[in-house]
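Spelled out, the chains give:
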Amino acid sequence: MNIENFFHDTGNGRIFCTLISPQNPTEECVIYFAPLFEERMWAQRIAFNFARDMAAKGSHATLVFDYHGYGESDGNAEDFTLARCRDDVISLHVLMQTRGYSRFVWWGIRTGCAIALGTIPAHAPINSFILWAPVLGLKDYIYESLRANIAAQMMLFKKVMAKRDIILAELVQYGQCFRDGYVLNHVDGYRFGGIFYQEILNMNHSKDLSYLAFPSLVVEVIPPRAEKGKLMARTESTAETAPAQQNIQYRKVSEREFWLIGRDYSQRAESVYRATLEWLDAQASGSKTGEASLWNRSER
Amino acid sequence: MEPQRKIESVVQFPNERGEVLRGVLHFPEHGDETRKKTIVIFPNGGVMGCEGDYRAHVAMARHLARGGYYVLRFSPSGLGYSDGDIPNCRQKNLYVQVEYGLFVADIRAAVQFVQNIGSFSSITLSGICGGAMSAFLAAAELKEVQYVIPIGIPVLLDNDDLDYDTRLPADVAKQMVKIYHEKLFSPKSWVRLLTKKSDISRIKGPILALFRQEGAYISKGNEKGKFAENPNFFKAARRIFKTRKKVLFVFGDTDGFWWEFQRIFLKRYYAEVKDAPFDLYLSPGANHMLSLPEMQVDVVQAMLAWMNKHNVS
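Cut-offs used in this document
Residues numbered from 1 in each chain as written. Chains lettered and ligands numbered in written order. Predicted model: local features only at pLDDT ≥ 70, side-chain atom pairs only at ≥ 80, totals over all residues. Helix = DSSP H or I, 4+ residues; strand = E, 2+ residues; numbered from the N terminus. Buried ≥ 20, exposed ≤ 12 C-beta atoms within 10 Å, placed from the backbone. Contact = placed C-beta atoms within 7 Å. Nonpolar A, V, L, I, M, F, W, Y, C, P; charged D, E, K, R; others polar. Pairing = 2+ DSSP bridges. Core = buried A, V, L, I, M, F, W, Y, C linked by C-beta atoms within 7 Å. Domains from an automatic or database assignment. Axes fitted to C-alpha atoms, helices over the stretch in contact; angles between N-to-C directions. Right-handed = clockwise from strand over helix to strand, strands pointing away. Parallel < 35°, antiparallel > 145°, perpendicular 65-115°, else oblique.

Asker: Just checking my understanding: could you explain the overall build of chain B for this structure?
Answerer: Helix and strand content of chain B: ten helices and nine strands. Across the 313 residues that make up chain B, the buried fraction comes to 47%. Contacts in chain B between residues at least 24 apart in sequence constitute 75% of all its contacts with a sequence separation of at least 6.

Asker: For this particular structure, what's the right way to read the interface of chain A and chain B?
Answerer: For interface size, the figure often reported is the accessible area lost on association. Contacts between chain A and chain B engage 35 residues on the former and 32 residues on the latter. Listed by contribution, the elements that provide at least two residues to the side of chain A that touches chain B are strand 1 (2-9), strand 2 (14-21), helix 1 (39-57), helix 4 (138-157) and strand 13 (264-265) of chain A. For the side of chain A that touches chain B, the residue count by class is 13 nonpolar, 14 polar and eight charged. In this structure, strand 13 of chain A lies alongside strand 5 (residues 89-90) of chain B, joined through two bridges in antiparallel fashion.

Asker: Just checking my understanding: could you explain the nonpolar core for this structure?
Answerer: The tendency in soluble globular proteins is for nonpolar side chains to be buried side by side. Residues and elements named next belong to chain A. Within the largest apolar cluster, 81 residues are counted, with the highest numbers of intra-cluster contacts made by Tyr-32, Ala-47, Leu-63, Trp-106 and Val-219. It is helix 1 that contributes the most residues to this core, eight residues altogether. Counting only domains with at least three residues in this core, you end up with domain 1 (2-137 + 203-289) and domain 2 (140-199). If we skip the residues at most four places from it in the chain, Ala-47 touches Tyr-32, Ala-34, Val-64 and Ile-109.

Asker: Would you mind going over the domain arrangement of chain B with me for this structure?
Answerer: Each domain of chain B was delimited in the assignment, giving domain 1 (8-159 + 227-309) and domain 2 (164-211). When each unit is reduced to the centre of its C-alpha atoms, the spacing between domain 1 of chain B and domain 2 of chain B is 33 Å.

Asker: What is the right way to read the sheet that holds strand 3 (residues 28-33) of chain A from this model?
Answerer: Pairing between sheet strands relies on hydrogen bonds along the backbone, with the strands arranged either parallel or antiparallel. Residue and element names in this part refer to chain A. Read across the sheet, eight strands follow the order 1-2-4-3-5-6-11-12 without closing on themselves; strand pairing throughout is mixed. Each edge of the open sheet carries a strand with a single partner, namely strand 1 and strand 12 (248-254). Strand-to-strand twist in this sheet, taken as the mean axis angle between neighbours without regard to direction, amounts to 20°. Examined bridge by bridge, strand 6 (residues 128-132) and strand 11 (residues 216-222) share four bridges and lie parallel to one another. In the strand pairing of strand 11, Leu-131 is matched with Val-218. Its contacts with the sheet put helix 3 (residues 111-119) on strand 3, strand 5 (103-109) and strand 6, and the angle it makes with strand 5 is roughly 135°.

Asker: Any chance you could explain the sheet that holds strand 4 (residues 70-74) of chain B here in plain terms?
Answerer: Residue and element names in this part refer to chain B. The strand order across the open sheet built from eight strands is 1-2-4-3-6-7-8-9, with neighbouring strands paired in mixed fashion. Looking at which strands have only one partner, the edges of the open sheet turn out to be strand 1 (8-14) and strand 9 (279-283). Strand-to-strand, the axes of this sheet are offset by a mean angle of 20°, without reference to chain direction. Where helix 10 (residues 293-309) meets the sheet, it contacts strand 6 (122-128), strand 7 (147-151), strand 8 (246-252) and strand 9, and its direction lies at approximately 160° from that of strand 9.

Asker: In this structure, what is going on with the pairing of strand 9 of chain B? I would like to understand it.
Answerer: For a regular strand, side-chain orientation follows a simple rule: the groups alternate between the two sheet faces. Residues and elements named next belong to chain B. In this sheet, strand 9 lies alongside strand 8 in parallel orientation, the contact comprising five bridges. Each residue of the ladder has a partner; that of Val-250, found in strand 9, is Tyr-281. This β-α-β element, strand 8 to helix 9 (residues 256-269) to strand 9, shows right-handed connectivity.

Asker: What should I look at first to understand the pairing of strand 4 of chain B in this one?
Answerer: All names here are of chain B. Within strand 4, five of the five residues are buried, leaving the element largely enclosed by the surrounding structure. Side-chain alternation along strand 4 places Tyr-70, Leu-72 and Phe-74 on one buried face and Val-71 and Arg-73 on a second face that is also buried. In terms of strand pairing, strand 2 (residues 20-26) meets strand 4 through four bridges, oriented antiparallel. Each residue of the ladder has a partner; that of Val-24, found in strand 4, is Arg-73. Sheet topology places strand 3 (residues 38-42) next to strand 4; four bridges connect them, and they run parallel.

Asker: How do you make sense of the packing of helix 5 (residues 164-174) of chain A against helix 6 (residues 194-201) of chain A when you look at a structure like this?
Answerer: Helix-helix packing is characterised by the crossing angle of the two axes and by the distance between the axes. All names here are of chain A. With their axes 8 Å apart at the nearest point, helix 5 and helix 6 run at an angle of 105° to one another. By the angle between their axes, helix 5 is roughly perpendicular relative to helix 6. Contacts between helix 5 and helix 6 involve Leu-168, Leu-171 and Val-172 on the former and, on the latter, Gly-194, Tyr-197 and Gln-198. Each residue belonging to the contact of helix 5 with helix 6 can be placed in one class, and the counts come to four nonpolar, two polar and no charged.

Asker: Just to check I follow, could you spell out unusual backbone geometry for this structure?
Answerer: With the exception of glycine, the majority of residues adopt a negative phi angle, and the majority of peptide bonds are in the trans configuration. Residue and element names in this part refer to chain A. With a phi close to 50°, Arg-110 is a non-glycine residue in the positive phi region. The buried category is assigned to Arg-110, around which 30 C-beta atoms lie within 10 Å. Here the phi dihedral of Asp-180 falls at roughly 50°; this positive angle occurs in a residue that is not glycine. For Asp-180, the location among the structural elements is in the loop between strand 7 (178-179) and strand 8 (182-183). For Asp-180, a count of 11 C-beta atoms within 10 Å corresponds to the exposed category.

Asker: I'm lost on the domain arrangement of chain A in this one. Help?
Answerer: Residues and elements named next belong to chain A. With domains assigned, chain A is organised as domain 1 (2-137 + 203-289) and domain 2 (140-199). The straight-line distance from the C-alpha centre of domain 1 to that of domain 2 is 27 Å. At the interface, 15 residues of domain 1 touch 13 residues of domain 2.

Asker: Can you help me understand the packing of helix 2 (residues 91-99) of chain B against helix 4 (residues 130-141) of chain B in this one?
Answerer: All names here are of chain B. The N-to-C vectors of helix 2 and helix 4 enclose an angle of 25°; their axes lie 9 Å apart at closest approach. On the basis of their axis angle, the class for helix 2 and helix 4 is roughly parallel. In contact with Tyr-95, Val-98 and Glu-99 of helix 2, helix 4 contributes Gly-130, Met-133 and Ser-134. Its residues assigned to classes, the contact of helix 2 with helix 4 comprises three nonpolar, two polar and one charged.

Here you go:
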């Protein structure tokens, strides 16, 4: 397989990319949407190894990219917005099309699923969608995650300077919440900006994915008993709320919560990999029609 | 918007096992021919790849590049987007492997790589937590390295027998207990506790630490009651000081590892910091992993001041 790191200049900053591709050319390209904040770091190697597995199998190339303000990409995390991400993803699609890829699978982990859903442009050339342990309610997720922010304030200031509601209110009103030289609108140290939060407030937070027009796989991760009940660890159950849909397949698998630091360290999530590869194989053996329409630069 | 950066490029080089290690090379933002060509290398960030936990290495490298330094950040084998794998293990076991020098050979490969791409007048190694330990152990071994800046270095070995519940120093534990004390009168908090939504282990740790002010110690086996010192740290320190390499230890002043460093190393060997063959910087309010951008900026400014004082560039 080939692993290539590169910076892609979108014309509005550089996006860092890693393309993991099979030895022999393929038309199939998976675009990976990482979780936000620190979960991104713990999921990184899990995602990378799944991409390596797909490339070794020869079936799919995977494009891993860092959002603007994340990882190696230009910018700061507080400047990340869904609108900007949408532009970046369109630019990446065009780039991949020039490299010979014509069928696209979008793949998200945790909040990466919400980011992917929030950035899908009209007429998106997507053939299928994979969601691992999706977090779709970003507003609730951020509110819950800010608990750790309060504890951090106690360590830093010896008192709570701004509670969660105040942080979010000031973020909406002033674009940031600032106290004693510190920006407080952050989760795990990753700042999030007012425009992004406003976008979140305007998002569809429904767990019903029935509106998706292309075949989709939702993998719910059920942690082993010993690992259950950790703060911030819960996977939203999309299967229970969604009506049966022909397009969407739900799979529940037993796996540790690999997006969190835990007692055990592993760079693989075999149950999730297996379920996904089976589904991808089934997709491949089914219809290969409906090739994604090529995007023109003028459509951006 | 941050100006477009054209002074970073992706790099890759092999380690001694032939695995490809990948990273990013930063070039100084202001080319100044009169300056010496110097480079800072960041290896792993704890058990993360070259961007470091909380993206700290990226922010710090960009600051250093603005300050006139080359910076190489790379992911050792099994981390980031580098080749290799780390076999399944307990999290603590991975920390132990890092504390024993798991990534030192890859740092050797990185040093060889930078020597091949340019004639640098000095090489500085830095890193946070496990990255600090990797840098420190490598600095002891590699004659090409003249400066080392370990940030939040662990002087204890992680260990299954280590009592993590009491690892917090007492003053930090007191702060955390104060939070829980305030929540005693919050009905919401009681509901969370009774419905098991609270993280019990997070609450239990500081409370236990209050009653065991010794901090981290071995809780079972033959070594019970002792500190699980990392002998590699002490060996490396002896070699580094003997060869008169320059060291700047950096800690966040709320970092429990700073407490351990004082107790197990600093106070044991040196009456005062000024008697020690190294420099020390305590970053006000900063935590162990420099999780906030403000903390990263403060530390990198201290690094720049120290390197300029030592005429690194």
